[in-house]
Amino acid sequence: IAYREGENITQYMMDRCRLDLYYPAGAAAEAFPTVVWFHGGGLKGGSKYLPKGLEGRGLAVAAVNYRLSPDVMVRDCVEDAAAAIDWVFDHIGDYGGDPQKIFVSGHSAGGYLASMVGLDRKWMAAHGRDANDIAGLIPFSGHTITHFTVREELGMPGEQPLIDEMAPLFHVRADAPPILLITGDRELELLGRYEENAYFWRMMKVNGHTRTTLYELGGYDHGGMVQPAVPLLVRFVERLSREPR
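Residues numbered from 1 in each chain as written. Predicted model: local features only at pLDDT ≥ 70, side-chain atom pairs only at ≥ 80, totals over all residues. Heavy atoms only, no water.

Draft legend 1. Structural view of the packing of aromatic side chains. Counted according to the given criterion, the structure contains five aromatic pairs. Judged by centre distance (6.3 Å) and plane angle (65°), the ring pair of Phe 38 and Tyr 66 falls under edge-to-face. Of this pair, Phe 38 sits in strand S2 (residues 32-38) while Tyr 66 sits in the loop between strand S3 (60-64) and helix H2 (74-91), and the two are 28 residues apart along the sequence. Judged by its relative accessible area of 0%, Phe 38 is buried. Centre to centre, the rings of Phe 103 and Phe 236 are 6.3 Å apart; their planes meet at 75°, and the pair counts as edge-to-face. Taken together, the residues Phe 103 in strand S4 (residues 97-107) and Phe 236 in helix H7 (residues 226-241) connect sequence positions 133 residues apart. Phe 236 matches Phe 103 in its accessibility class, with the two residues each being buried. (Phe/Tyr/Trp six-rings, centres within 6.5 Å; stacked < 30°, edge-to-face > 60°. Helix = DSSP H or I, 4+ residues; strand = E, 2+ residues; numbered from the N terminus. Buried < 20%, exposed > 50% of the residue type's maximum accessible area, 1.4 Å probe, protein only.)

Below, the structure is given as structure tokens:
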């Protein structure tokens with residue numbers, strides 16, 4: 001499904017700005033929740049897919065493609081993520097989903113996109129929507145500092161950290177949606193990925209956000225942490241879906 005429309009749509013946007021929507025078959029007694037899932041790949045590669053373990057759980061999954069560096073800047077990737085989430089808000093009710101139960105997740109670069117759109121409210125505001133309408137954020141091993149591809153755009157090495165407006169950490173706030181942070185083992189993850197998530201967890205708490213949780217999956221590396229993290233995502237979605245909004 002193409003999630004971007006308008007006069008300024010390029011061929012590249014027509015090719016990449018698409019999502020696959022998986023949703024429960026048949027009439028449901030209660031409107032189902034939806035997980036918007038962004039793939040990883042360093043914002044330079046990767047493709048949409050349905051994470052194994054999310055099938056048959058009574059929820060929908062919108063698996064999203066977005067434009068990639070170096071063909072675009074990272075800001076364009078974030079813009080695509082916001083446009084995809086906006087599409088889901090506008091259309092999930094047509095498939096039986098509940099627009100008040102839309103969760104945003106993704107692995108690695110996809111986790112970074114989930115956090116950026118959910119914390120920096122300007123991305124969803126560009127679509128006339130409040131990021132706080134998102135029911136919850138579940139980044140898997142995502143950057144909370146400025147993404148290394150943004151730093152590459154600035155001529156910085158990947159080992160040099162930066163926290164600017166393109167960092168989820170820059171936008172910590174007490175009124176953000178509930179957040180579930182999941183990383184692999186700190187000794188097996190990419191450079192400092194657990195530690196930057198732990199610092200993000202601490203700064204959310206310092207800022208008065210009471211619903212940020214952090215899990216470290218011991219024994220799993222960056223790529224291997226996805227599968228064991230899925231049950232934590234499902235439990236988080238099911239629990240929050242039962243709460244009134």
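Draft legend 2. The pattern of salt bridges, seen in detail. Under the defined criterion, the tally for this structure stands at 18 salt bridges. Measuring nitrogen to oxygen at the nearest pair gives 2.7 Å for the salt bridge that ties Arg 129 to Asp 90. Pair noted here: Arg 129 is in the loop between helix H4 (122-125) and strand S5 (136-140) and Asp 90 is in helix H2, with a separation of 39 residues, a long-range link. In this structure Asp 90 comes out as partly exposed when scored by relative accessible area, which is 47%. Among the ionic pairs, Glu 196 bridges to Arg 193, the shortest N-O distance being 3.9 Å. Within this pair, Glu 196 and its partner Arg 193 are both found in helix H6 (residues 193-206), separated by three residues, close to a single helical turn. For Glu 196, a relative accessible area of 8% gives the class buried. Counted as one network, the salt bridges with shared partners bring together Arg 75, Asp 120, Lys 122 and Glu 165. (Salt bridge = Lys/Arg side-chain N within 4 Å of Asp/Glu carboxyl O.)

Draft legend 3. Expanded view of the environment of Leu 119. Looking at the secondary structure, you find Leu 119 in helix H3 (residues 109-119). A C-alpha to C-alpha distance of 7.6 Å links Leu 119 and Arg 173, two positions 54 residues apart in sequence. Setting aside its immediate chain neighbours within four residues, Leu 119 contacts Leu 137, Pro 168, His 171, Arg 173, Ala 176, Ile 179, Phe 200 and Met 204. (Contact = heavy atoms within 4.5 Å.)

Draft legend 4. Fine view of the pairing of S3. S3 sits mainly inside the fold: five of its five residues count as buried. Sheet analysis places strand S1 (residues 19-22) next to S3, joined by four bridges and oriented antiparallel. From the neighbouring strand, Leu 19 faces S3, where its bridge partner is Val 64. By the bridge criterion, five bridges tie S2 to S3 in an arrangement that is parallel. Residue pairing for S3: Phe 38 is matched across the bridge by Val 64. (Pairing = 2+ DSSP bridges.)

Draft legend 5. The arrangement of the sheet that holds strand S7 (residues 212-217) in detail. The seven strands lie next to each other as S1-S3-S2-S4-S5-S6-S7, forming an open sheet whose pairing is mixed. For this open sheet the edge positions go to S1 and S7, each flanked by a neighbour on one side alone. Neighbouring strand axes in the sheet, compared pairwise and without regard to direction, differ in orientation by 15° on average. Of the strands in this sheet, S1, S2, S3 and S4 touch H2, which is tilted by about 165° from S2. Helix-sheet contacts for H3 involve S2, S4, S5 and strand S6 (179-184), and the interaxial angle to S4 is about 135°. (Axes fitted to C-alpha atoms, helices over the stretch in contact; angles between N-to-C directions.)

Draft legend 6. Local environment of unusual backbone geometry. The linkage connecting Ser 69 with the following residue, Pro 70, adopts the cis geometry, with an omega of 10°. With respect to the element layout, Pro 70 can be found in the loop between S3 and H2. With a phi close to 65°, Leu 43 is a non-glycine residue in the positive phi region. Relative to the helices and strands, Leu 43 is located in the loop between S2 and S3. Accessibility expressed as a relative area gives 0% for Leu 43, which makes it buried.

Taken by themselves, the reported measurements are silent on function.
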